Amino acid sequence: MILPPGVSSNKSNHICKLNKSLYGLKQASRQWNAKLLSSLFTLGYHQSAADSSLLIRSSSHSFTSLLIYVDDIVLTGNDIQEIDRVKHHLDAAFRIKDLGHLRFFLGFEVAISSSGLIINQRKYALELIADAGLLASKPASTPMDPSVKLQKEHGNPYSDIAAYRRLVGRLLYLTNTRPDINFVVQQLTQFVAKPIETHYQAVVRILRYLKASPSKGLFFPVQNDLTPSGFANADWACCIDTRRSVSGLSVFLGSSLVSWKTKKQTTVSRSSSEAEYRALANLACELQWISFLLRDLQLPLTKSIPVFCDSQSAIYLAHNPTFHERTLLHSMKECKWDDGKKMIQPPMFVVPTGRKKPSANQRWEISNVLDEFIFDITIIATDSSNNARLRSLHRSTY
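Rules of the game
Each chain carries its own residue numbering, running from 1 in the direction its sequence is written. Where local features are concerned, this predicted model is filtered to residues with pLDDT of at least 70; where side-chain atom pairs are given and counted, the filter is 80 or more; whole-chain, interface and lining totals use all residues. Hydrogens and water are ignored here; the side-chain numbers use all heavy atoms of the structure. The helix and strand labels rest on DSSP assignments: H or I over at least four residues marks a helix, E over at least two residues marks a strand, and numbering proceeds from the N terminus. Exposure categories follow from relative accessible area, calculated using a 1.4 Å probe and restricted to protein chains: below 20% of the type maximum is buried, above 50% is exposed, and the middle band is partly exposed. Contacts: residue pairs with any heavy atoms within 4.5 Å of one another. Any pair of N or O atoms that falls within 3.5 Å is considered a polar contact. Within protein, one atom must be able to donate a hydrogen and the other to accept it, and sequence-neighbouring residues count only if both atoms are side-chain atoms. For the purposes of this section, nonpolar cores are sets of buried Ala, Val, Leu, Ile, Met, Phe, Trp, Tyr and Cys residues that join through side-chain atoms within 4.5 Å. We define a salt bridge as a side-chain nitrogen of Lys or Arg found within 4 Å of a carboxyl oxygen belonging to Asp or Glu. One bridge is not enough; two strands pair if DSSP finds at least two bridges between them. Grouping into patches uses exposed residues only, defined as over 30% relative accessible area, and leaves out salt-bridged ones; the cut-off is 9 Å for like charges and 5 Å for nonpolar side chains (Val, Leu, Ile, Met, Phe, Trp, Tyr). In these tables, accessible area is a Shrake-Rupley quantity obtained with a 1.4 Å probe, and a residue counts as shielded only by the protein chains included in the view. Here is the rule: rings of Phe, Tyr and Trp (six-membered ring for Trp) pair when centre to centre is within 6.5 Å. Planes less than 30 degrees apart are stacked, more than 60 are edge-to-face, and the remainder are tilted. Note on geometry: a ring has a charge over it if NZ (lysine) or CZ (arginine) is within 6 Å of the ring centre and within 35 degrees of the ring normal. Angles shown run from 0 to 180 degrees and are taken between the N-to-C directions of axes, each axis being a line fitted to C-alpha atoms and, for helices, limited to the stretch in contact. Note on terminology: angles under 35 degrees are roughly parallel, angles over 145 are roughly antiparallel, angles of 65 to 115 are roughly perpendicular, and the others are oblique. By definition, turning the near helix anticlockwise from the far helix through less than a right angle yields a left-handed crossing, and turning it clockwise yields a right-handed one. Any residue outside Ala, Val, Leu, Ile, Met, Phe, Trp, Tyr, Cys, Pro, Asp, Glu, Lys and Arg is labelled polar, Gly included; the first ten of those are nonpolar and the last four are charged.

Asker: Help me out: how do you make sense of the side chain of Glu286 in this one?
Answerer: Among the structural elements, Glu286 can be located in helix H7 (residues 272–296). Exposure remark for Glu286: the relative accessible area of 13% places this residue in the buried category. The residues contacting Glu286, other than those within four sequence positions of it, are Leu249, Val251, Ser259 and Lys261.

Structure follows, in structure tokens:
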């Protein structure tokens, strides 16, 4: 570090070599994390391969885990003696403050009952609305006006760019427990460099929507099937400025929503089939990470992960590797048999939310290899008769 005030030297290029990290320096957080981890490693804990902030210690009769964010730690497990041992060890090394049962953590409010666990950000949302001066505004029923298409440089520039960036950044953090605003917030993050009045009005619309229900959050029931499932969708060429598509995915653990994402695709998709196929690929990556995380939490998967998609053409492309790569460049209108007869539509791989779920023999599943670091994914039909039919498909020529 540079010489502090009061320390003089006869040479201008002299600096101080630290023997101990000081708070506020660039490397202080790294040194603190290394010190904390080395202390926990002595207790037999190890870092999760899927998430470096998760530390785990398991034995034949107990399981304990720590989730670390800088100097805030959530400790849980089924062995009270082990939890007390960790707290006493950390208190002796760093003098910690035990806050008891988890109620509030980094803006998240946690409520635990006999039926399950609820996580929301009610206090954070109300503070956000109050700081924007909208506590007396009229609530909105939807987070976004469907008739408004957001785009760049199509209106009057917004005067306070810093305020817009602050609001969008705080809304991004709120999406950790509010998936209902995830899409519109993703849209607004594209315009932080040069927002216009329309973009700010869209932010105000979200805040008015939050005012109607600030305590909404996520519910994790006690009685739940810990089997993951994924849903993928894409909005083809929805970006007016770049004509790129937006991918959306959600992952459920039983009936509980545990992961969701909305992101603009990196390249332009020339057909809706390609856009949906890319969304499936993003979902497969997310499921791979979740499967590794579940394995570290002593919850290994024993069966395939069902993946749902509402695009028949994307399903055919994922299922049949003999389709030529140029298939993605055309709109797949229909598939035909080799003899020219029109194919009978196979069972849907997925139905969108709100439609009737398929029966057991109508589901399409992902065949996963969880024990391999290379996650080999193929989509197969549970009905063996459909496998032979799909293998006989060929790409139609237009």
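On we go from here.
Asker: Can you help me understand the side chain of Asn182 in this one?
Answerer: Tracing the backbone shows Asn182 in helix H5 (residues 182–188). Accessibility expressed as a relative area gives 13% for Asn182, which makes it buried. In terms of polar contacts, Asn182 uses its side chain to reach the side chain of Thr262, at 2.9 Å. If we skip the residues at most four places from it in the chain, Asn182 touches Thr175, Trp260, Lys261 and Thr262.

Asker: Can you walk me through the nonpolar core in this structure?
Answerer: Generally speaking, a soluble globular protein has its nonpolar side chains buried in company with each other. Within the largest apolar cluster, 25 residues are counted, with the highest numbers of intra-cluster contacts made by Leu171, Leu188 and Leu210. Looking at this core, the elements with two or more residues in it are helix H3 (122–131), helix H4 (161–174), H5 and helix H6 (197–212). If one sorts the elements of this core by residue count, H6 sits on top with seven residues. Beyond its immediate chain neighbours, meaning those up to four positions away, Leu171 contacts Leu128, Ile181, Val185, Val203, Ile206, Leu207 and Leu210.

Asker: What is the right way to look at the pattern of salt bridges in this model?
Answerer: Opposite charge on two side chains permits them to pair, given that their charged atoms come into close proximity. Counted by the stated rule, this structure contains nine salt bridges. Notably, a salt bridge pairs Glu274 with Arg278, separated by 2.6 Å at the nearest N-O pair. With Glu274 and Arg278 both in helix H7 and four residues apart, this pair spans about one turn of that helix. Among the residues examined, Glu274 registers a relative accessible area of 6% and is labelled buried. Overall, the relative accessible area of 30% leaves Arg278 in the partly exposed class. Among the charged side chains, a network of salt bridges with common partners joins Arg57, Glu82 and Arg85.

Asker: What exactly am I supposed to notice about the pairing of strand E6 (residues 108–112) here?
Answerer: Regular strands show a simple pattern: their side chains alternate between the two faces of the sheet. Summarising the sheet, strand E5 (residues 104–105) and E6 pair through two bridges and their orientation is antiparallel. Across the sheet, the residue bridging to Phe104 is Glu109, located in E6. Here four bridges tie E6 to strand E7 (residues 116–120), and the two strands are oriented antiparallel to one another. Counted as the bridge partner of Ala111 is Ile118 from E7. What sits between the antiparallel neighbours E6 and E7 is a turn of three residues.

Asker: Could you clarify how one ought to interpret a nonpolar patch on the surface in this entry?
Answerer: Together, Leu18, Leu22 and Leu25 make up a nonpolar patch on the protein surface, roughly 220 Å² of accessible area in all. By the element assignment, Leu18 lies in the segment before helix H1 (28–41).

Asker: Sorry, what's going on with the packing of aromatic side chains here?
Answerer: Summed over all chains, the structure comprises six aromatic pairs. Ring centres 5.1 Å apart and planes at 75 degrees place the aromatic pair Trp32 and Phe94 in the edge-to-face group. Note that Trp32 is positioned in helix H1 and Phe94 in helix H2 (residues 80–94), a separation of 62 residues in sequence. We classify Trp32 as partly exposed; its relative accessible area is 26%. Owing to a relative accessible area of 23%, Phe94 belongs among the partly exposed residues under this scheme. Feature note: the residues Phe108, Tyr124 and Tyr173 constitute an aromatic cluster, connected by ring pairs. Of note, Arg170 hangs over the ring of Tyr124, and the distance from its end group to the ring centre comes to 5.8 Å.

Asker: Got a minute to help me understand the sheet that holds strand E4 (residues 72–77) in this structure?
Answerer: Strands in a sheet are paired, the pairing made by backbone hydrogen bonds, and the direction either parallel or antiparallel. Strand order in the open sheet formed by four strands is E1-E2-E3-E4, and the pairing between neighbours is antiparallel. Since the sheet does not close on itself, it has two edges, and those belong to strand E1 (46–47) and E4, each with one partner. Bridge analysis of E1 against strand E2 (residues 54–58) gives two bridges, and the strand direction is antiparallel. Within the sheet, the bridge partner assigned to His46 lies in E2 and is Ile56. Contacts from H1 reach E1, E2, strand E3 (63–69) and E4 within the one sheet, and its direction differs from that of E3 by about 175 degrees.

Asker: Would you mind showing me how to read the environment of Leu287 here?
Answerer: In this structure, Leu287 sits in helix H7. Taking relative accessible area as the criterion, Leu287 reaches 3% and is therefore assigned buried. Distance in space between the C-alpha atoms of Leu287 and Ser259 is 9.4 Å, their sequence separation being 28 residues. The residues contacting Leu287, other than those within four sequence positions of it, are Val251, Ile305 and Val307.

Asker: Which parts of the structure should I look at to understand the packing of H4 against H6?
Answerer: For any two helices packed against each other, one specifies the crossing angle of their axes together with the interaxial distance. Between H4 and H6, the shortest axis-to-axis distance is 11 Å and the interhelical angle comes to 40 degrees. With respect to H6, the axis of H4 lies oblique. Here the hand of the crossing between H4 and H6 comes out left-handed. Where H4 abuts H6, its residues Tyr164, Leu167, Val168, Leu171 and Leu174 lie against His199, Tyr200, Val203, Ile206, Leu207 and Leu210. Split into classes, the residues belonging to the contact of H4 with H6 amount to 10 nonpolar, one polar and no charged.

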